[in-house]
Amino acid sequence: MASVSLKNIYKKYPGGVIAVSDFNMEIEDKEFIILVGPSGCGKSTTLRMIAGLEEISEGELLIGDRLVNDVAPKDRDIAMVFQNYALYPHMTVFENMAFGLKLRKVPKAEITRKVEEAARILDISHLLDRKPKALSGGQRQRVALGRAIVREPQVFLLDEPLSNLDAKLRAQMRTEIAKLHKRLGTTFIYVTHDQTEAMTMGDRICVMKDGYIQQIDSPTNLYQNPVNQFVAGFIGSPQMNFIDSVLRKNDAKYIVEFGADENKFTVEIPESKVDKETLENYIDQEVILGIRPESIHDEDMFLSNAKTGIIKCLVEVTELMGAETYLYLNCDGIPLTARVSPRSTARPQQELAVAIDPNRIHLFDKETEKTIIN
């Protein structure tokens, strides 16, 4: 098994286009790392550089303690699973899975043993004689994984492998891949634009934007302590609410104020979140208040106990999701999304008071978008 080390990696295309800038990351042996970000952020390009399918313009890439910048893909001891499965249509499942081993001149008996073992792990033993066209999307994905497993690589690279599957199958395959990682004990590097996949599967997540790393952290830390507004908005579904606000100081208390002049709403920053040295620089300045949908409450218990952060809204749309309800609110022209209990009685066009949980607020610098407090 192997660690992967990326040191000051750049990818530059002709014409001055820079797809990946100064990418630095140490991936430990057996770790499950997720690269996540919007389309065009450089995550797939980074994965393809690790695979050797894209040339590295600058920097050093080490797999284990071996520098592999100029090593051919087949000699890097990695296996890649693609978004479109890339199966040979004229071959059976067995032949597809065995193909890479045949090229390496592995003995027939060993090929059979490895293919049957991988098929058993992936629960596709009954499909070995079928051709890809006779398989469902989920089955094809398993075959693509099986083809990678039989090679027993040091590193698995997975490029959006679930994006062609329907929602139910995607959830099922997420679990399967996470279990597979535990069973194989191999380093996994997984690219996705789906932050639900990222949050549920990875040991650590690397969030990218415009070719730059924004933050590398555990799923919990990314969610609770984003380093900037982009990470805060990208991680979490529905996404965090952002409100243009002003920071005020009233006696010794710091208050976030927003809304129309004749109808100001205020949220007092709790003592536990106050960093006086930082906040003093922002008094009477514009800031961005961030609050996640699940931290906006419409229940009487919260409203009656709230000493700050009660705001009046108009309910525009309600979405009952089964275990929860999403409320789309308009608060004096400020759109807000709240994730509340399915027992909520809120209805469209109803006036509603909601309470923002002050212990769950985030503040961001309006200019730099960097986090002021989490």
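Residues numbered from 1 in each chain as written. Predicted model: local features only at pLDDT ≥ 70, side-chain atom pairs only at ≥ 80, totals over all residues. Heavy atoms only, no water.

Enquirer: Before we move on, could you go through the overall build of the protein chain and cite the residues and values that matter?
Expert: In terms of regular secondary structure, the protein chain is built from 10 helices and 21 strands. In terms of overall dimensions, the protein chain has C-alpha extents of about 80 × 45 × 35 Å along its principal axes. Looking at the protein chain as a whole, 49% of its 374 residues are labelled buried. A separation threshold of at least 6 residues defines the contact pool for the protein chain, and within that pool the share at least 24 residues apart is 67%. Surface summary for the protein chain: the accessible area is close to 18,100 Å², and the carbon and sulfur share equals 47%. (Helix = DSSP H or I, 4+ residues; strand = E, 2+ residues; numbered from the N terminus. Buried < 20%, exposed > 50% of the residue type's maximum accessible area, 1.4 Å probe, protein only. Contact = heavy atoms within 4.5 Å. Areas by Shrake-Rupley, 256 points an atom, 1.4 Å probe, with all protein chains shown as cover.)

Enquirer: Help me get a handle on the side chain of Ser344, residues and values and all.
Expert: Within the secondary structure layout, Ser344 lies in the loop between strand 18 (334-340) and strand 19 (351-356). Residue class for Ser344 comes out buried when judged on its relative accessible area of 12%. Contacts of Ser344, omitting those with residues within four sequence positions, involve Asp298 and Leu327.

Enquirer: Help me get a handle on the packing of helix 4 (residues 137-149) against helix 5 (residues 167-184), residues and values and all.
Expert: Packing of helix 4 against helix 5 leaves a shortest axis separation of 11 Å and a crossing angle of 15°. Judged by the inter-axis angle, helix 4 sits roughly parallel to helix 5. Here helix 4 runs over helix 5; the crossing is right-handed. The residues of helix 5 that touch helix 4, namely those facing Gly138, Gln141, Arg142, Leu145 and Ile149, are Leu169, Gln172, Met173, Glu176, Ile177, Leu180 and Leu184. By residue class, the composition of the contact of helix 4 with helix 5 is 7 nonpolar, 3 polar and 2 charged. (Axes fitted to C-alpha atoms, helices over the stretch in contact; angles between N-to-C directions. Parallel < 35°, antiparallel > 145°, perpendicular 65-115°, else oblique. Left-handed = near helix turned anticlockwise from the far one by under 90°. Nonpolar A, V, L, I, M, F, W, Y, C, P; charged D, E, K, R; others polar.)

Enquirer: Describe the environment of Gln172, with residues and values.
Expert: Inspection of the secondary structure assignment puts Gln172 in helix 5. Sequence-wise, Gln172 and Thr187 are 15 residues apart; in three dimensions their C-alpha atoms are separated by 21 Å.

Enquirer: A description of the layout of surface pockets should follow, citing residues and the corresponding values.
Expert: Space left empty within the atom packing is revealed by a probe, the size of a water molecule, rolled over the atoms. Of the pockets and cavities examined, the largest pocket occupies roughly 590 Å³. Forming the boundary of the largest pocket are 20 residues, of which Met80, Phe82, Gly100, Arg147 and Arg151 lie nearest the centre. When residues in the lining of the largest pocket are grouped by element, the largest group, 4 residues, is from strand 6 (residues 78-81). For the lining of the largest pocket, a count of residues per class yields 14 nonpolar, 1 polar and 5 charged. (1 Å grid on protein atoms, 1.4 Å probe; cavity = no way out; pocket = protein on both sides within 12 Å on 5 of 7 lines; lining within 4 Å. Points joined across faces, edges and corners; volume = space filled by probe spheres on them.)

Enquirer: I'd love a proper account of the packing of helix 2 (residues 93-103) against helix 3 (residues 108-122), names of residues and values included.
Expert: In the contact formed by helix 2 and helix 3, the axes pass within 10 Å of each other and the chain directions differ by 135°. Relative to helix 3, the element helix 2 lies oblique. Relative to helix 3, helix 2 is oriented so that their crossing is right-handed. On helix 3, the residues touching Phe94, Met97, Ala98, Leu101 and Lys102 of helix 2 are Ile111, Thr112, Lys114, Val115, Ala118 and Ala119. Residue composition of the contact of helix 2 with helix 3, grouped by class: 8 nonpolar, 1 polar and 2 charged.

Enquirer: With reference to specific residues and values, describe helix 5.
Expert: With 18 residues, helix 5 extends 26 Å from end C-alpha to end C-alpha; this agrees with the ideal 26 Å at 1.5 Å per step. If you check which residues of helix 5 are buried, you get Leu169, Met173, Arg174, Ile177, Leu180 and His181. Viewed end-on, helix 5 has its buried residues packed into an arc of 145°, placing them on one side of the element. When the buried face of helix 5 is taken as reference, the exposed residues oriented beyond 90 degrees from it are Lys168, Lys182 and Arg183. Close packing links the buried residues of helix 5 with strand 3 (32-36), helix 3, helix 4, strand 7 (155-159), strand 8 (187-192) and helix 6 (195-201). One or two residues past the end of helix 5 sits Gly185, with phi positive at roughly 60°. (Expected span 1.5 Å × (residues − 1). Arc of directions from axis to C-beta.)

Enquirer: Would you mind going over the pairing of strand 7 in detail, with residue names and values included?
Expert: Working note: regular strand, side chains alternate between the two faces of the sheet. With 5 of 5 residues buried, strand 7 lies mostly within the body of the structure. Every second residue of strand 7 is oriented toward a common face, with Val155, Leu157 and Asp159 on one face and Phe156 and Leu158 on the other, all of them buried. Sheet topology places strand 6 next to strand 7; 4 bridges connect them, and they run parallel. Bridge pairing links Met80 to Leu157 in strand 7. (Pairing = 2+ DSSP bridges.)

Enquirer: Pulling in residues and values, what's your account of the sheet that holds strand 17 (residues 325-331)?
Expert: Taken in spatial order, the 5 strands make up an open sheet running 15-19-16-17-18, and their pairing is antiparallel. At either end of the open sheet lies a strand with only one pairing partner, and these are strand 15 (296-297) and strand 18. As paired elements, strand 17 and strand 18 share 7 bridges and run antiparallel to each other. Within strand 18, the position partnered with Thr325 by the bridge is Val340.

Enquirer: Explain unusual backbone geometry to me, using residue names and the numbers behind them.
Expert: At the junction of Ser237 and Pro238, the peptide bond is cis and its omega measures out at -5° in the coordinates. Notably, Glu152 is not glycine yet its phi reads approximately 45°, a positive angle. You can see Glu152 is positioned in the loop between helix 4 and strand 7. Exposure remark for Glu152: the relative accessible area of 51% places this residue in the exposed category.

Enquirer: Lay out the environment of Glu319 with the relevant residues and their values.
Expert: Mapped onto the elements, Glu319 comes out in strand 16 (residues 310-320). Of the residues examined, Glu319 reaches a relative accessible area of 31% and is grouped as partly exposed. Spatially, the C-alpha atoms of Glu319 and Arg347 are 9.9 Å apart, while their sequence positions differ by 28 residues.

Enquirer: Now, about the side chain of Thr45: what can you tell me, with residues and values included?
Expert: Position of Thr45 relative to the elements: it lies in helix 1 (residues 43-51). With near-sequence residues (within four places) excluded, Thr45 lies in contact with Lys11, Tyr13, Ala19, Val20 and Glu54.

So yeah, pure geometry; function would need other evidence.
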